[in-house]
Amino acid sequence: VLFFKEGLHTTGTTELWPSGNIFLRVNGKTDASLGLDMRTQLLSGYLPMLLHANPKSALVIGQGSGITLGSVQQFPVNKINLVEISPAVIEGSRFFDPFNHKALHDKRLTVLLEDGRNHIALSKNTYDVIVSEPSNPWISGVGALFTVNFFELLKKRLNPGGLACIWVHTNMSPNSFKSIVHSFTEKFQFVTMWESIAGDDYLLIGSEKKYGLPFEKTKKYLSDEVTGKDLAEIGIRNVPDIMSLMIMSR
């Protein structure tokens, strides 16, 4: 056990296993790791940032390992906000510093210790890209970030042409999964679904403006020493590798 703290909202634990894997657990449930989770953690940041033509501001909801935040920070944005309800998670995520590009040390970052839904509902800030990656919808309180109401609020926090990316897991009934997808597509005019972990993890990306994957920009990041290494580690080495993850549009 590298870290253990009982916080007001959650008990946070960071564990190092003999395999070398590091797990971050919230109330005993694994919410981040260096294993298969890496695909979802990296793609949640890289995909929407690549799909947006020129993102200058971003919001990440949920810290976890900080790997998604670190992915977002690889782009030339001016402002990045992180919303995380639990200080224990922020502290526990520091053990992932060697793997998340020391995300918490980025000078463009503002850390907001508050509830993700309340921030979206009450803040006047708007962003080019919003990534919402909380815990599973069936965890107490987290379901509020997977509702029609939340997606409507999310849309209002986007700048013109902005993109919202949410993570959704099949670890629930088929009808519950369909309900989340339907709720999201009800609120965004243009939606694509991407598969980060086959049969398990999916990303929904929505916008009010038609978007596509810019070939030259994507190629540049794939050939970059830092970002290319990140993506190569999850088996993505060229543009077709990324496009193969797209399951469907509307």
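Thresholds, definitions, all that
- All residue numbers here refer to positions counted from 1 along the written sequence of the relevant chain.
- Only residues with pLDDT of at least 70 are given local features in this predicted model, and only at 80 or more are side-chain atom pairs given and counted; all residues enter the totals for whole chains, interfaces and linings.
- The side-chain quantities take in all heavy atoms of the structure and omit both hydrogens and water.
- The numbering of helices and of strands both runs from the N terminus, where a helix is a DSSP run of H or I of at least 4 residues and a strand a run of E of at least 2.
- Taken over C-alpha atoms, the radius of gyration is set against a globule rule of 2.2 Å times the number of residues to the power 0.38.
- Only protein chains enter the accessibility calculation, which uses a 1.4 Å probe; a residue whose area is less than 20% of its type maximum is buried, one above 50% is exposed, and one in between is partly exposed.
- Note on contacts: a residue pair qualifies if any of its non-hydrogen atoms lie within 4.5 Å across the two residues.
- Where accessible areas are quoted, they stem from the Shrake-Rupley method and a 1.4 Å probe; at the residue level, only the protein chains shown are allowed to cover.
- Salt bridge, as used here: a side-chain nitrogen of Lys or Arg that lies within 4 Å of a carboxyl oxygen of Asp or Glu.
- At least two bridges found by DSSP between two strands are what make those strands a pair.
- Under this scheme, a helix contributes an axis fitted over its contacting stretch, all axes are lines through C-alpha atoms, and angles between N-to-C directions fall in the 0 to 180 degree range.

A. Spotlight on the overall build of the protein. A tally of regular secondary structure across the protein gives nine helices and twelve strands. Whereas a compact globule of 250 residues would reach a radius of gyration of roughly 18 Å, the protein reaches 17 Å, a difference of no more than 12%. Taken over the C-alpha atoms alone, the protein extends approximately 45 × 40 × 35 Å along its principal axes. Split into buried and exposed, the 250 residues of the protein put 55% on the buried side. Residue pairs in contact within the protein that sit at least 24 positions apart in sequence constitute 64% of those at least 6 positions apart. As presented, the protein carries roughly 11200 Å² of accessible surface, and 55% of it is formed by carbon and sulfur atoms.

B. Summary view of the pattern of salt bridges. The final tally for this structure, using the stated rule, is six salt bridges. Across the pair Lys29 and Asp31 runs a salt bridge, and its minimum N-O distance is 2.6 Å. Classification of Asp31 as partly exposed rests on a relative accessible area of 28%. One salt bridge in this structure joins Lys229 and Glu233, with 3.0 Å as the shortest N-O distance. Pair check on accessibility: Lys229 and Glu233 agree, each one exposed.

C. Local environment of the sheet that holds strand β5 (residues 57–61). Pairing is mixed in the open sheet, where eight strands are placed in the order β7-β6-β5-β8-β9-β11-β10-β12. The open sheet has two edge strands with one neighbour each: β7 (109–112) and β12 (246–248). Shown here is a sheet whose adjacent strand axes are inclined to one another by a mean of 20°, direction ignored. Looking at chain direction, β5 and strand β6 (residues 79–83) are connected through five bridges and run parallel. Considered in β6, the bridge of Ser57 is made with Lys79. Along the sheet face, helix α5 (residues 148–156) touches β5, β8 (127–132) and β9 (158–169) and points at about 145° away from the line of β9.

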